[in-house]
Amino acid sequence: YVTQHNRDLSQRAKPKSDSVAPPFHESQQLDQEKTVMHKIRPISPVHQPSSETSTRNELREMTSAAEVEGSVSSVKAGSKEERQWREMKLQLDDLPGILARLSKIKLTALVVSTASAGFAMAPVPFDLTCFLLASLGTGLASCAANSINQFFEVPFDSNMNRTKNRPLVRGQISPLLAVCFAASCGVPGIALLTLGVNPLTGALGAFNIFLYTCCYTPMKRMSIANTWVGAVVGAIPPVMGWTAATGSLDAGAVLLGGILYSWQFPHFNALSWGLREDYSRGGYCMMSVTHPGLCRRVALRHCLALIGLSTVAPVLDITTWTFPIISLPINLYISYLGFRFYRDADRSSSRKLFFCSLWHLPLLLLVMFTCKKPFLEKEEKGDLLSGNHGRALEIRLP
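These figures come from a predicted structure and were not determined experimentally. (Residues numbered from 1 in each chain as written. Predicted model: local features only at pLDDT ≥ 70, side-chain atom pairs only at ≥ 80, totals over all residues. Heavy atoms only, no water.)

Student: Now, about the UniProt feature "transmembrane region" (unreviewed entry) in the protein chain: what can you tell me, with residues and values included?
Tutor: As annotated in UniProt, the feature "transmembrane region" (unreviewed entry) corresponds to residues 107–126, 200–219, 322–341 and 353–370 in the numbering used here. When the span residues 107–126 is considered, its composition is 75% helix and 0% strand, and the gap between its end C-alpha atoms is 25 Å. Annotated as 100% helix and 0% strand, the span residues 200–219 places its first and last C-alpha atoms 27 Å apart. (UniProt positions renumbered as here; feature names shortened; annotations may be inferred. Helix = DSSP H or I, 4+ residues; strand = E, 2+ residues; numbered from the N terminus.)

Student: So, the pattern of salt bridges: which residues are in play, and what are the values?
Tutor: Scanning all chains against the criterion turns up 7 salt bridges. The salt bridge partner of lysine 373 is aspartate 317, with a shortest N-O separation of 2.2 Å. Of the two residues, lysine 373 is situated in the loop between α18 (347–370) and α19 (375–396) and aspartate 317 in the loop between α15 (292–315) and α16 (322–326); the sequence distance between them amounts to 56 residues. On the basis of relative accessibility, which here comes to 13%, the residue lysine 373 falls in the buried class. A salt bridge links arginine 343 to aspartate 344; the shortest N-O distance between them is 3.1 Å. According to the relative accessible area criterion, aspartate 344 is partly exposed, its value standing at 31%. (Salt bridge = Lys/Arg side-chain N within 4 Å of Asp/Glu carboxyl O. Buried < 20%, exposed > 50% of the residue type's maximum accessible area, 1.4 Å probe, protein only.)

Student: Describe in detail unusual backbone geometry, supporting the description with residues and values.
Tutor: With a phi close to 50°, lysine 104 is a non-glycine residue in the positive phi region. Position of lysine 104 relative to the elements: it lies in the loop between α4 (95–102) and α5 (105–121). One non-glycine residue with positive phi stands out, namely aspartate 317, at about 65°. Among the residues examined, aspartate 317 registers a relative accessible area of 27% and is labelled partly exposed.

Student: Go over the packing of helix α6 (residues 128–152) against helix α9 (residues 175–197) with me, naming the residues and quoting the values.
Tutor: Between α6 and α9, the shortest axis-to-axis distance is 8 Å and the interhelical angle comes to 150°. The orientation of α6 with respect to α9, classified from their angle, is roughly antiparallel. Handedness of the crossing formed by α6 with α9: left-handed. (Axes fitted to C-alpha atoms, helices over the stretch in contact; angles between N-to-C directions. Parallel < 35°, antiparallel > 145°, perpendicular 65-115°, else oblique. Left-handed = near helix turned anticlockwise from the far one by under 90°.)

Student: Help me get a handle on the nonpolar core, residues and values and all.
Tutor: Counting residues in each nonpolar core, the largest one holds 59 residues, and the members touching the most others are Phe323, Leu353 and Met368. Shared between two domains, this core holds at least three residues of each, these being domain 1 (94–222) and domain 2 (250–374). Ile98, Cys143, Ile173 and Cys185 belong to the second largest nonpolar core, which has 10 residues in total. (Core = buried A, V, L, I, M, F, W, Y, C linked by side-chain atoms within 4.5 Å. Domains from an automatic or database assignment.)

Student: Explain the confidence of the model for the protein chain residue by residue, including any values.
Tutor: Counting all residues, the mean pLDDT for the protein chain is 81, and 71% of those residues have values of 70 or more. Of the regions scoring below 50 in pLDDT, residues 42–49 engages in 1 contact with residues more than four places distant in sequence or in other chains. For the stretch residues 382–398, pLDDT sits under 50, and the model shows 0 contacts to residues farther than four places along the chain or on other chains. (pLDDT = per-residue confidence, 0-100. Contact = heavy atoms within 4.5 Å.)

Student: Before we move on, can you summarise the packing of aromatic side chains with the specific residues and values?
Tutor: In total, this model carries 13 aromatic pairs according to the counting rule given. Considering the side-chain rings of tyrosine 261 and phenylalanine 265, the 5.2 Å spacing of their centres and the 75° angle between planes classify their relative orientation as edge-to-face. Taken together, the positions of tyrosine 261 and phenylalanine 265, both in helix α12 (residues 251–273) and 4 residues apart, correspond to about one turn of that helix. Note on tyrosine 333 and tryptophan 359: the rings are 6.1 Å apart at their centroids and 25° apart in plane angle, and the pair reads as stacked. One end of the pair, tyrosine 333, is in helix α17 (residues 328–344); the other, tryptophan 359, is in helix α18, with 26 residues separating them in the sequence. In this structure an aromatic cluster arises from ring pairing among Phe156, Phe268, Tyr279 and Tyr284. For the cation-ring pair, lysine 220 lies above tyrosine 284, with the distance from its terminal atom to the ring centre recorded as 4.7 Å. (Phe/Tyr/Trp six-rings, centres within 6.5 Å; stacked < 30°, edge-to-face > 60°. Lys NZ or Arg CZ within 6 Å of the ring centre and 35° of its normal.)

Student: Just give me the short version of the packing of α17 against α18, but keep the residues and values in it.
Tutor: Between two packed helices, both the angle of their axes relative to each other and the distance between the axes serve to describe the pair. Packing of α17 against α18 brings their axes to within 9 Å, and their N-to-C directions diverge by 160°. Classified by the angle their axes make, α17 and α18 are roughly antiparallel. Crossing of α17 against α18: the hand is left-handed. Counting all contacts with α17, which are made through Ile330, Asn331, Tyr333, Ile334, Leu337, Gly338, Arg340, Phe341 and Asp344, the residues of α18 involved are Ser349, Ser350, Lys352, Leu353, Cys356, Ser357, Trp359, His360, Leu363 and Leu364. Of the residues that constitute the contact of α17 with α18, the class distribution is 10 nonpolar, 6 polar and 3 charged. (Nonpolar A, V, L, I, M, F, W, Y, C, P; charged D, E, K, R; others polar.)

What follows is the structure, given as structure tokens:
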């Protein structure tokens, strides 16, 4: 009886133990359910008709090919549009700035300043009207020459980083308008120099325009001799200033032209050294690209030539003997930088020489003007010589 009672109790207790499960066991069951849920994936049908799959693949290939062709055609169209010359809308407010860049206003200002220096160094009384006419005519002639130069070099300037933003390259101004601007500057400029100053100065201005546009510009793509021709172009403006004041070519005009001629070699050779990649892309034949050793030697030679030319000035009775003494430190400094450029042949030395040339020329011309021989002293010497000559004639006559 006892055993039977115990069995009954055990059977009654089993359902209770099964119904009340421990929490750990419940969590295990939940985890199993979760894992089962994650493992279930929607299964795509295994067997599909071959015709449907082939048509879908063909459609995908056709759409991808169309996209590729469309992208290629858009790239080609964009490249064609970039290569073609397009004229931008010209506004009157932007026209003065565009014409200033077309005429290279900074270079024109340098040309006018050197011509003014030649006028100021002439051993004659200062004539303000003649000075203003000569400066205006020289500036107009320089604007005309620079505009024609840019007109000829549009396809080559577009390949250079330094010149790719010029007005004609970007299409900010039409070629016809650029030529009309050059003519409207060149014709009045030469007429002003010829009729308002003197025919010699007008002839020098016309010759300089011809030399810059018809000789120097095409020679830049043919021979390294373009640098020497360009130096002659830069040496003519101070000679024009001298002839505008005196009406004749004297030794002083040749000396001033020689100083400008020699100064341009360290200035331009140092500049072109840092632009060798640009010049080679543009197709220009420069010493820095084809003859780098000659480029450095020529720059050094003309740095030393500036010392000799400064010494010749008092010999020709243009300045006092204080000029070669005062100008010796700045001439020695640019010669030292020229030697560093010749020895190191790197961008740092060429950059230092170029920036030195920017302040060297104005300072040299200023020192030359302050040491100029007084006009009264020359006039007194001329009177004494004419007086002695008259006395000699009086003595010879009975």
